Amino acid sequence: MEEEKRFTWINFYMEFADRLLEYKNNRTELVNKIITIFDNIDIKLPLLETNNDITDIGPFTIFGLFNKNIKTENKIKILKEIKESFSLKADLPTDFKGVPELNPVNSTFYYFKGYRGDKDIDNLWDLFEIALKYSENKSPQLYNEFVKIYNTVLNQVNIKWNITMGLFWIRPYEYISLNSRTRWYLTNPNFVNDEIINRIKPSDKSNTPPKGEEYLKICNYFKEIIKNNDYEFKNFPELIYISYIESVKDDELEKEYKEKKKIGDGIGDSNINNDGNYWLYSPGQGAFAWEKFRDKNLMGIGWEAVGNLKEYTSKKEIESKLQEINNSKRKFPNDALALWEFANKIKIGDVVFAKRGSHEIIAYGIVKGKYFFDKSIDENFPNFIEIKWKEEINTKTNFYLPTKTLTRITDYEDMLNNIKNLFEDDIEPEKPSNEKLPIYTKEEFLEESFISEEMYDNLVNLIRYKMNVIIEGAPGVGKTFTSKRLAYSIIGVKDKERVELIQFHQSYSYEDFIMGYRPTQNGFSLENGVFYNFCKKAEEDEDNDYFFIIDEINRGNLSKIFGELFMLIEKDKRGNKVRLLYNGELFSIPKNLYIIGLMNTADRSLAMIDYALRRRFAFYTLKPAFDSENFIRYQKSLNNPKFDNVINLVKELNDEIKNDEVLGEGFQIGHSYFCNLDEKTIDKKLDFIINFEIIPLLKEYWFDEVNKVETWSNRLKNAVI
């Protein structure tokens, strides 16, 4: 291997390490230098402290600034500025072959202020200094000093195998990097014997890095076998590079395997599993955290810098956060997917298989709780799910396991069956009980809706008092959105079995709603309708509330649809029985069933609601909520001048609609037209909303006032230019 052409970084790194040591006792100046370097090249400095309020910095963290997955041209920009700032003589690197890179989500070698030990950065500097000295002088005194400070650092937070990478960066011929790709390579090829495999895999099975004495033995071991054998690699940099090449090939094999096993994701596919999912999960790199999680009946993952995963509304938001943390435009598809699925896709009752590496299954468990964030349990693993770990087998496999932290394997039938066959238990997902349904409170409703607490209390009291309520309002005020969440907030959990949503239309009939004859192959059969079935369900569970929601309630012929139940929907008639038309059954509407109707006040094609039925319902009007606290907060979060202009204009438009003699308040434009926008696509979506939703609505409103439509259309279009 032609070292001089492929490893141009080595001399530069070694000289920079020597020069950096001069700043061990002058770190304030060093911090200022690093900040200035990034300012000069117009590259954002990665997040190194809370709010990047940097008062101290470690030597390996400085090396980590350019030894992470960023573009080569940006690495060279950084190093060029470092060369000038630190007056280095070595040539700039032209390649970075064999340089192991940090996990981009965690690029410091210590925690932020307030979470790390007082001496953590000092200890890293001491190790840095001793490592440089020991590389030149193998005296017993320096050996003992190295082992002592190395072991001290190894016990610090945020230090694992990454410390071996840092040592390799500063003296790549002396210290071997035991990063994940290198360890994978060293524990698989035929040239490595069991002795070294056992050295890399500690006897306590926790997969923690070796102590100082053991680490130096590993370094010496590989120096000897490289020296005494004719291998493709002649030194540590070449070995690390070969490890990388071979592990990438393995990644490609994994990708090929997945493609072969891929099953269609289309809606309605016959093999989609709706009863729960199976997951493959690694409890830390090499499963080092397995025993801790097993004993606590938890599964956890790291990425602590991302924070609480429930604060992100999409996988893309998590990916953007990863890019921000790492100051990189590179996509992080696997990491973002793992974090998103961990917090949002793993459900109670799912089966999780814990694994170690690519060829060992440890155990399986059943998910018992939902995701939560808690740094107090484990500083490195703040993201958790409660799980009941069951059969532990610690069994090697003769088939390949994906190396990602988290993989949904429900659709990988061959792999799934192979894993199941390793266990004595019959493994199937468990259906979660009602007690484990997602909690949904009044506070959560208020957080994601645009209704004030006073409005919420009035509406809930009205529903409790009347039992039948129609929520009416102009288009886009969030009637459907509000109704289901309102029901869940009253129930206290998101129980879909206790909330039914249907939509009336002109052809909807008693036969659809209550009971009627339907054609079959042999003639006709009497079938129960949706309201009949829901009433029966509520009747059998009288201790719990049930909500029947009717969208577009004024589109149906209500007297015809309700039939003889017309009277029984009244609160004081609940429990009374009438005989049904088709089968003569004595039927009642249970006292624990609430009816919520939704009505669009701007639909002029509809007749007024039946007056006899009107007195059996209370009416509550939702209005545009542009001035609500939540909408104002949402508007500020977008920080978009075009959006602000459009909202101000729509509020002005609503005033004109309200004062229009023909239209009035019920025809105003609702806020929900402008919800769920994001910073990246807001301008394009605003253009669509204005041109294809709002303006067509105005043409319908003012069909006989062309000039008014044209005036407002132009004003709205100009607002989004």
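None of the values given here were measured: they were computed from a predicted structure.

Enquirer: Honestly, the pattern of salt bridges in this entry has me stumped. Any pointers?
Expert: Oppositely charged side chains are able to pair whenever their charged atoms sit close together. Taken as a whole and judged by the stated rule, the model has 38 salt bridges. Several salt bridges converge on common partners, so that one network encompasses Lys-24, Asp-126, Glu-129 and Lys-133.

Enquirer: Explain the packing of aromatic side chains here, please?
Expert: The geometry of an aromatic ring pair is captured by the separation of the ring centres together with the interplanar angle, meaning the angle of the planes. Scanning the model with the defined rule gives 55 aromatic pairs in all. In this structure, Arg-498 packs its charged tip against the face of Tyr-546, placed 5.9 Å from the ring centre.

Enquirer: Where do I start with unusual backbone geometry in this structure?
Expert: Trans peptide bonds make up the majority, and among non-glycine residues the majority have a negative phi. Despite not being glycine, Asp-42 has its phi angle at roughly 60 degrees, a positive value. Mapped onto the fold, Asp-42 is located in the loop between helix 3 (27–40) and helix 4 (59–64). Despite not being glycine, Met-467 shows a phi value in the positive range, around 75 degrees.

Enquirer: Sorry, what's going on with the pairing of strand 16 (residues 618–622) here?
Expert: Within a regular strand, the side chains alternate between the two sheet faces. The alternating pattern of strand 16 places Ala-618, Tyr-620 and Leu-622 on a buried face, while none of Phe-619 and Thr-621, on the opposite face, is buried. Pairing of strand 8 (residues 468–473) with strand 16 involves five bridges; the strand directions are parallel. Its bridge partner lying in strand 16, Val-469 is registered against Ala-618.

Enquirer: Any chance you could explain the environment of Arg-116 here in plain terms?
Expert: Among the secondary structure elements, Arg-116 is positioned in the loop between helix 5 (72–85) and helix 6 (120–136). As a C-alpha pair, Arg-116 and Val-157 span 41 residues in sequence and 6.8 Å in three-dimensional space. In contact with Arg-116, other than residues within four places in its own chain, are Glu-49, Tyr-110, Tyr-111, Ile-121 and Val-157. Separated by 2.8 Å, the side chains of Arg-116 and Glu-49 make a polar contact. Reaching out from Arg-116, the side chain makes a polar contact with the backbone oxygen of Tyr-111 at a distance of 2.8 Å.

Enquirer: Would you take a moment to explain the confidence of the model for the protein chain for this structure?
Expert: Note: predicted coordinates in regions of low pLDDT should not be interpreted at a detailed level. Across the protein chain, the average pLDDT comes to 85, with 89% of residues at 70 or higher. A low-confidence stretch, residues 202–206 stays under pLDDT 50, and its non-local contacts, those more than four residues away or across chains, total five contacts. Residue range residues 252–274 is modelled with pLDDT below 50. Its contacts to residues more than four positions away, or to other chains, number 21 contacts.

About the criteria used
Counting from 1, residues in each chain are numbered in the order their sequence is written. At least 70 in pLDDT is required for a residue's local features to be given in this predicted model, at least 80 for side-chain atom pairs to be given and counted, and no such filter applies to totals for whole chains, interfaces and linings, which use all residues. Note: side-chain values were computed over all heavy atoms of the structure, leaving out hydrogens and water. By definition here, a salt bridge exists when the distance from a side-chain nitrogen of Lys or Arg to a carboxyl oxygen of Asp or Glu is within 4 Å. Side-chain rings of Phe, Tyr and Trp (the six-membered ring for Trp) are treated as a pair once their centres are within 6.5 Å; stacked means planes under 30 degrees apart, edge-to-face means over 60, and tilted covers the remaining angles. Counted as over-ring charges are cases with an Arg CZ or a Lys NZ within 6 Å of the ring centre that also lie within 35 degrees of the ring normal. Helix and strand assignments come from DSSP, with helices taken as H or I runs of at least 4 residues and strands as E runs of at least 2, each series counted from the N terminus. Burial classes: relative accessible area under 20% of the type maximum marks a residue as buried, over 50% as exposed, and values in between as partly exposed (1.4 Å probe, protein chains only). Should DSSP find at least two bridges between two strands, the strands are taken to pair. Only heavy atoms enter the contact rule, under which two residues are in contact if any of them lie within 4.5 Å. Polar contact is the term for a pair of N or O atoms within 3.5 Å; when the atoms are in protein, one must be able to donate a hydrogen and the other to accept it, and sequence-neighboring residues count only if both atoms are side-chain atoms. Each residue gets a pLDDT score, which is the predictor's confidence in that residue and runs from 0 to 100.

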